[in-house]
Amino acid sequence: MKDITIYITDRNGVTHTILAPTDMNMNLMEVVRSYELAEEGTIGVCGGMAMCASCQCYVESDHELPEMSHDEDLMLSEAFYVQDNSRLGCQLFISPSLEGLQVTLAPSDV
Amino acid sequence: MIKTDILIIGAGPTGLFTVFEAGLLKLKCHLIDALPQPGGQCSEIYPKKPIYDIPAFPEILAGDLVSNLMKQIEPFQPGFTLGERAETIEKQDDGSFVVTTNKGTKHHAPIVAIAGGLGSFEPRKPPITDIANFEDHGVEYIIRDPEMYRDKKVVIAGGGDSALDWSIFLTDVAESVTLVHRRNEFRGALDSVEKVQELKNVGKIEMVTPAEVVGIVGDDAVEGVTIKRGAEVFNKPCDHFIPLFGLAPKLGPIADWGLEIEKNAIKVDNTLDYQTNIPGIYAIGDVNTYPGKLKLILCGFHEATLMCQSAYQRIFPDKRYVMKYTTVGGIDGFDGSRKEAPKAVVKKIE
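Let me begin by describing the structure that accompanies this report.

Scoring rules and cut-offs
Residues numbered from 1 in each chain as written. Chains lettered and ligands numbered in written order. Predicted model: local features only at pLDDT ≥ 70, side-chain atom pairs only at ≥ 80, totals over all residues. Helix = DSSP H or I, 4+ residues; strand = E, 2+ residues; numbered from the N terminus. Buried ≥ 20, exposed ≤ 12 C-beta atoms within 10 Å, placed from the backbone. Contact = placed C-beta atoms within 7 Å. Axes fitted to C-alpha atoms, helices over the stretch in contact; angles between N-to-C directions. Parallel < 35°, antiparallel > 145°, perpendicular 65-115°, else oblique. Left-handed = near helix turned anticlockwise from the far one by under 90°. Nonpolar A, V, L, I, M, F, W, Y, C, P; charged D, E, K, R; others polar. Pairing = 2+ DSSP bridges. Core = buried A, V, L, I, M, F, W, Y, C linked by C-beta atoms within 7 Å.

**Observations concerning the overall build of chain B**
Then, number 1: Of regular secondary structure, chain B possesses 7 helices and 25 strands.
Then, number 2: Its C-alpha atoms give chain B principal-axis dimensions of about 90 × 60 × 40 Å.
Then, number 3: A buried classification covers 40% of the 350 residues belonging to chain B.
Then, number 4: Residue pairs at least 24 apart in sequence account for 61% of intrachain contacts in chain B once pairs closer than 6 positions are excluded.

Here it is, written out as structure tokens:
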């Protein structure tokens with residue numbers, strides 16, 4: 001399977017064009033960490049269990065995203081800086097349908 | 001003053017397993033943890049979630065892993081200072097250390113092993129302007145003494161168990177309890193949600209949902225909070241505002257101990273023994289970083305094992321020792337217990 005291109009704006013406002021593999025079961029939080037786009041210890045704190053909101057991001061493009069799980073929805077209900085387009089990066093798995101995805105990382109609350 | 005051989009900061013899986021490896025070397029351990037129970041993230045964040053990469057356990061719940069570790073280290077009688085955060089460290093003239101907690105408990109040891117994971121768990125503070133100015137003047141993130149809310153007006157924010165449980169508890173103490181949450185749904189245990197519903201029905205808890213506290217009213221102390229519900233913004237008079245949004249780990253005071261920090265972790269120069277830039281202080285498990293570091297429980301176990309051998313050499317520089325297999329040497333607990341492999345039975349055939 002091929003890699004997809006996604007656009008990630010980091011917490012300093014810099015947009016990065018990133019190639020992400022679709023065949024490694026990676027999620028968006030892990031992609032951010034693999035490219036070191038956020039400081040270690042400030043993202044993916046719970047390891048990707050939707051139990052913290054350190055990987056919160058705002059989805060800027062109009063991609064159709066997988067529906068939120070109960071866990072993600074409830075975590076976002078207690079997170080800070082939440083907007084209508086907030087999602088947890090750890091719950092967005094990299095798949096071909098996310099080609100061209102644009103996201104901005106939410107401010108760190110850690 | 002609590003005295004021990006290895007003072008372990010952090011009672012997560014790595015810290016707990018350190019007790020076992022140290023015990024094999026007849027070194028005593030004492031653990032400090034900011035949480036009230038041992039187990040670190042495994043107990044606090046995901047006790048009911050399975051882990052699949054603990055060698056020889058195809059699947060184990062994080063909570064069970066902690067229970068098993070507690071059982072495994074029992075013979076070595078570790079001491080615990082729980083619910084206290086390691087705050088300061090002072091090096092003594094003889095090279096040993098005194099570590100003092102936020103509650104003033106002092107610990108003395110020749111070796112300090114920092115197994116602090118991602119740091120100590122501290123309350124998540126909502127990003128409300130000037131909230132820091134009101135801390136301890138009407139804003140509390142942790143309820144230490146419920147009596148201080150007697151006959152007061154209290155606003156609680158949050159949607160988890162602690163927000164629900166404290167709302168329920170304080171209805172018997174406070175003059176009024178208001179619970180603010182961004183949703184109508186709550187994350188807490190079902191019976192807590194039902195209890196809050198009952199108390200709401202009888203007018204003992206005022207619910208403001210879906211809404212958010214966006215500001216604090218008052219000069220020196222809290223006089224009220226500003227609540228935003230949809231387009232509506234209003235002030236709610238109160239004496240106390242208690243945001244309960246769970247805990248998040250922070251490296252905290254350890255960051256000021258003169259240790260080399262990189263990527264929010266403690267740098268260890270080598271993977272020989274995981275010693276930090278201060279001789280006698282080691283960093284093991286998720287809290288450390290070195291080239292190739294992986295934050296895995298199984299790596300923490302390995303690091304703890306190597307670290308203990310180095311600690312032994314540091315405490316007893318003139319003694320020779322070689323690692324012994326537990327199957328061969330058995331386990332001699334500090335409580336006088338002994339475990340060993342059964343001896344072969346030899347019987348003659350007449």
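**What to know about the packing of helix 4 (residues 161–170) of chain B against helix 5 (residues 190–201) of chain B**
Residues and elements named next belong to chain B.
Then, number 1: Running from N to C, helix 4 and helix 5 point in directions that differ by 40°, and their axes come no closer than 9 Å. The angle between the axes of helix 4 and helix 5 places the two elements in the oblique class. Helix-helix and strand crossings are classified by hand; for helix 4 and helix 5 the assignment is left-handed. Of the residues in helix 5, those touching helix 4 at D161, L164, D165, S167 and I168 are S192, V193, K195, V196 and L199.

**Here's the deal with the interface of chain B and chain A**
Then, number 1: Every contact between the two is made by 21 residues of chain B and, on the other side, 16 residues of chain A.
Then, number 2: Considered class by class, the residues forming the side of chain B that touches chain A number 9 nonpolar, 5 polar and 7 charged.

**Notes on the sheet that holds strand 14 (residues 205–208) of chain B**
Residues and elements named next belong to chain B.
Then, number 1: Spatially, 14-13-12-18 is the arrangement adopted by the 4 strands of the open sheet, whose pairing is parallel. Across the chains shown, the open sheet's two edge strands, defined by having one partner strand only, are strand 14 and strand 18 (240–243). Averaged over all neighbouring strand pairs, the angle between strand axes comes to 20°, with direction disregarded.
Then, number 2: Sheet strands in contact with helix 4 are strand 12 (153–157), strand 13 (176–180), strand 14 and strand 18, and its direction is about 165° off that of strand 12.

**A few points about the sheet that holds strand 3 (residues 29–33) of chain B**
All names here are of chain B.
Then, number 1: Taking strand neighbours across the sheet as the criterion, the 5 strands line up as 6-3-2-10-22 in an open arrangement whose pairing is parallel. At either margin of the open sheet sits one strand with a lone partner, and together these are strand 6 (79–82) and strand 22 (281–283). Here the strands of the sheet are splayed against their neighbours by 20° on average, with no regard to which way each runs.
Then, number 2: As paired elements, strand 2 (residues 6–9) and strand 10 (residues 111–114) share 4 bridges and run parallel to each other. By the bridge assignment for strand 10, I8 is matched with A113.

**Some details on the nonpolar core**
Here is a general trend for soluble globular proteins: nonpolar side chains tend to be buried in one another's company.
Then, number 1: I6, V112, A113, I114 and Y282 of chain B are the most contacted members of the largest nonpolar core, which totals 52 residues.
Then, number 2: Formed by 32 residues, the second largest nonpolar core is a distinct cluster that contains A53, M75, I94 and V103 of chain A.

The analysis is restricted to geometry; functional conclusions fall outside its scope.
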